[in-house]
Amino acid sequence: MRSRLAEADPEAAAILEREERRQQQGLTLIASENHAFPELRPLIGSVFADKYAEGQPRRRYYGGNLHADEIEELAQGRAKALFGAEHANVQPLSGSPMNQAVYFGLLAPGDTILAMDLSHGGHLTHGAPVSAMGRIFRFVRYGTVAGGGFDFDAIRETARRERPKLLITGFSSYPRDIDYAAFKAIADEVGAITMADVSHIGGLIAGKALPNPLAAGFDVVTTTTHKTLRGPRGGLILCREPFRRAIDQAVFPGLQGGPHMDQVAALATALHLAAQEEFQAYARRVLDNAKALAAALQGRGAQLVTGGTDNHLLVVDVASSFGIDGDEAQQRLDRVGLVSNKQVVPDDTRPPLRPSGLRLGTPAVTTRGMREGQMTALADLIVDAVTGARPEPALANAVRDFARRFPIPG
């Protein structure tokens, strides 16, 4: 197939080859990126990509769906077993429509949603003013306290005053654990539905390295299927049985047409692999590496938002630590093969495209086989790049040599 691509479209084939080389010779430190299980390659872009399968298994709008039904039911069953859910919808094409389906399925436009502030670690779909959801629903926000954690008394007061229909917990850049029981108690007091967006830590929950909000009684849990889960790009909605019909109808026909069945097929296999003991060990290593990297960076003068991490990510306040903004830090790292992303910090006074922070994560380097012992060397490379302590050509060579020792699986 590669030779056919090279013959048919040499320009696209060359770009693909360059991207493969970039990933192999550099290191991915973006907390939301990972290297998918290589076992998924035969399924992604397989003949399942050619099949329309609008509707739910056994209730389709097209013929020829016998095996599409089988693979989707396999994915649903594995998702329910892995996360302890009563129902699973495996069709969302990505994280944003996944969350939107919950909103449109369970709420009416204009309803109030209580969610985490974007600059404190929330996600765009949690009501950021620039998102479409922020214009359709009425979002009120809570933040973190200095050093991390939540003021649950203040959140309870907000909930009592605003009477939200939905309370969301979950994050895009928050490095600490979440007390799901405390959020559930507040929601119950005001009669709100509970939703946990665990897109970043879905794999760590599946790997039993972090608590499961469903075990705390949450009504709905959403997660993307790549990131720490190492599956294909897509979304997964887990919910209690009473919400099943409304959410399924919000996904289809509410927001999207036919699901991408090659994505669903690859998700079925990813969920199977995530149920193995080997994956549980991997999830623990992701956390161990994040803590080790945090400690190593702090030892080199980096100030971390929340002072450390309990999960797979950390946010460095590079403005306070090294006197540069997050965009410049990202560019300096990118030039030597260390891929990261700029990040706002709580109540950041800098503009979003030149924020104060830099977000780093350990899922991808852990997938490549790195352990705690390598985090010290990785921290040296990061700080030297950000501070300009070593010439960039020498650092780029050092990153390539380091990456070569830990090839990408598959």
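Conventions adopted
Residues numbered from 1 in each chain as written. Predicted model: local features only at pLDDT ≥ 70, side-chain atom pairs only at ≥ 80, totals over all residues. Heavy atoms only, no water. UniProt positions renumbered as here; feature names shortened; annotations may be inferred. Helix = DSSP H or I, 4+ residues; strand = E, 2+ residues; numbered from the N terminus. Rg over C-alpha atoms; globule rule 2.2 N^0.38 Å. Buried < 20%, exposed > 50% of the residue type's maximum accessible area, 1.4 Å probe, protein only. Contact = heavy atoms within 4.5 Å. Areas by Shrake-Rupley, 256 points an atom, 1.4 Å probe, with all protein chains shown as cover. Polar contact = N/O pair within 3.5 Å; in protein donor to acceptor, adjacent residues only side chain to side chain. Core = buried A, V, L, I, M, F, W, Y, C linked by side-chain atoms within 4.5 Å. Domains from an automatic or database assignment. Pairing = 2+ DSSP bridges. Axes fitted to C-alpha atoms, helices over the stretch in contact; angles between N-to-C directions. 1 Å grid on protein atoms, 1.4 Å probe; cavity = no way out; pocket = protein on both sides within 12 Å on 5 of 7 lines; lining within 4 Å. Points joined across faces, edges and corners; volume = space filled by probe spheres on them. Nonpolar A, V, L, I, M, F, W, Y, C, P; charged D, E, K, R; others polar.

Looking up the protein chain in an unreviewed UniProt entry gives the name Serine hydroxymethyltransferase, with the organism given as Inquilinus limosus. The annotation that UniProt attaches to the protein chain under Subunit (unreviewed entry) is "Homodimer." As recorded by UniProt, the Subcellular location (unreviewed entry) comment attached to the protein chain reads in full: "Cytoplasm".

1. Here we look at the overall build of the protein chain
Scanning the protein chain from terminus to terminus reveals 16 helices and 14 strands. In terms of C-alpha radius of gyration, the protein chain reaches 21 Å, essentially the compact-globule figure of 22 Å for 410 residues. Projected onto its principal axes, the C-alpha positions of the protein chain cover 60 × 60 × 40 Å. In the protein chain, which comprises 410 residues, the share counted as buried stands at 57%. Contacts in the protein chain between residues at least 24 apart in sequence constitute 73% of all its contacts with a sequence separation of at least 6. Entry remark: accessible area of the protein chain is about 17000 Å², with carbon and sulfur atoms responsible for 50%.

2. A look at the environment of Ala 53
Within the secondary structure, Ala 53 is located in the loop between strand 1 (27–28) and strand 2 (55–56). The exposure class assigned to Ala 53 is buried, which follows from its relative accessible area of 0%. Along the sequence, Ala 53 and Asn 65 sit 12 residues apart, while their C-alpha atoms lie 6.6 Å from each other. Look past the residues within four positions of Ala 53 in its chain and what remains in contact with it is Arg 60, Asn 65, Ala 68, Pro 259 and Met 261.

3. A few points about the UniProt feature "site: Plays an important role in substrate specificity" (unreviewed entry) in the protein chain
When the UniProt feature table is mapped onto this chain numbering, "site: Plays an important role in substrate specificity" (unreviewed entry) sits at His 226. Its place among the elements puts His 226 in the loop between strand 9 (220–224) and strand 10 (235–239). Other than its neighbours up to four places away in sequence, His 226 contacts Ser 32, Gly 231, Pro 232, Arg 233 and Gly 234.

4. Some thoughts on the UniProt feature "modified residue: N6-(pyridoxal phosphate)lysine" (unreviewed entry) in the protein chain
Here the UniProt-annotated "modified residue: N6-(pyridoxal phosphate)lysine" (unreviewed entry) positions come out as Lys 227. Mapped onto the fold, Lys 227 is located in the loop between strand 9 and strand 10. Non-local contacts of Lys 227, meaning those with residues more than four positions away in its chain, are made with Ser 32, Asn 34, Ser 199 and His 200. Within the structure, the side chain of Lys 227 is placed 2.9 Å from the side chain of Thr 224, a separation counted as a polar contact.

5. Considerations on the nonpolar core
If you look at the biggest cluster of nonpolar residues, it comprises 67 residues, and the most contacted ones within it are Phe 83, Phe 150, Ile 155, Tyr 180, Phe 183, Ile 201 and Leu 238. Element by element, the count of residues in this core is highest for helix 10 (residues 261–274), at 10 residues. When we break this core down by domain, the ones giving at least three residues each are domain 1 (47–275) and domain 2 (282–405). Excluding its chain neighbours within four sequence positions, the residues that come into contact with Tyr 180 are Thr 169, Ala 196, Val 198, Ile 201, Ile 205, Pro 211, Pro 213, Ala 216 and Phe 218. One finds Leu 29, Leu 293, Ala 296 and Val 336 within the second-largest nonpolar core, a separate group that totals 34 residues.

6. Here's the deal with the sheet that holds strand 8 (residues 193–197)
Consider a sheet: its strands pair through backbone hydrogen bonds, and that pairing is either parallel or antiparallel. Strand order in the open sheet formed by 7 strands is 4-10-9-8-7-5-6, with mixed pairing between adjacent strands. Where the open sheet ends on each side, the last strands, each with one partner, are strand 4 (87–89) and strand 6 (138–142). In this sheet, adjacent strand axes meet at a mean angle of 20° when their direction is disregarded. As paired elements, strand 7 (residues 166–170) and strand 8 share 5 bridges and run parallel to each other. Its bridge partner being in strand 8, Thr 169 is matched across the sheet by Ala 196. Where helix 6 (residues 152–162) meets the sheet, it contacts strand 5 (112–116) and strand 6, and its direction lies at approximately 165° from that of strand 5.

7. Let's talk about empty space enclosed by the protein
Scanning the entire structure with this criterion turns up 2 cavities of 30 Å³ or more. Computed from the structure, the largest cavity encloses a volume of approximately 60 Å³. The wall of the largest cavity is formed by Phe 171, Arg 176, Asp 177, Ile 178, Tyr 180, Ile 201, Leu 210, Pro 211 and Asn 311. Counted as a void, the second largest cavity has a volume near 50 Å³. Leu 297, Ala 302, Val 316, Val 318, Phe 322, Leu 358, Leu 360, Ile 382, Val 383 and Val 386 are the residues that line the second largest cavity. Mapped by element, the contributors of at least two residues to the lining of the second largest cavity are helix 12 (318–322), strand 14 (357–361) and helix 15 (372–387). Looking at the lining of the second largest cavity, the element that brings in the most residues is helix 15, giving 3 residues. Residue classes in the lining of the second largest cavity are distributed as 10 nonpolar, no polar and no charged.

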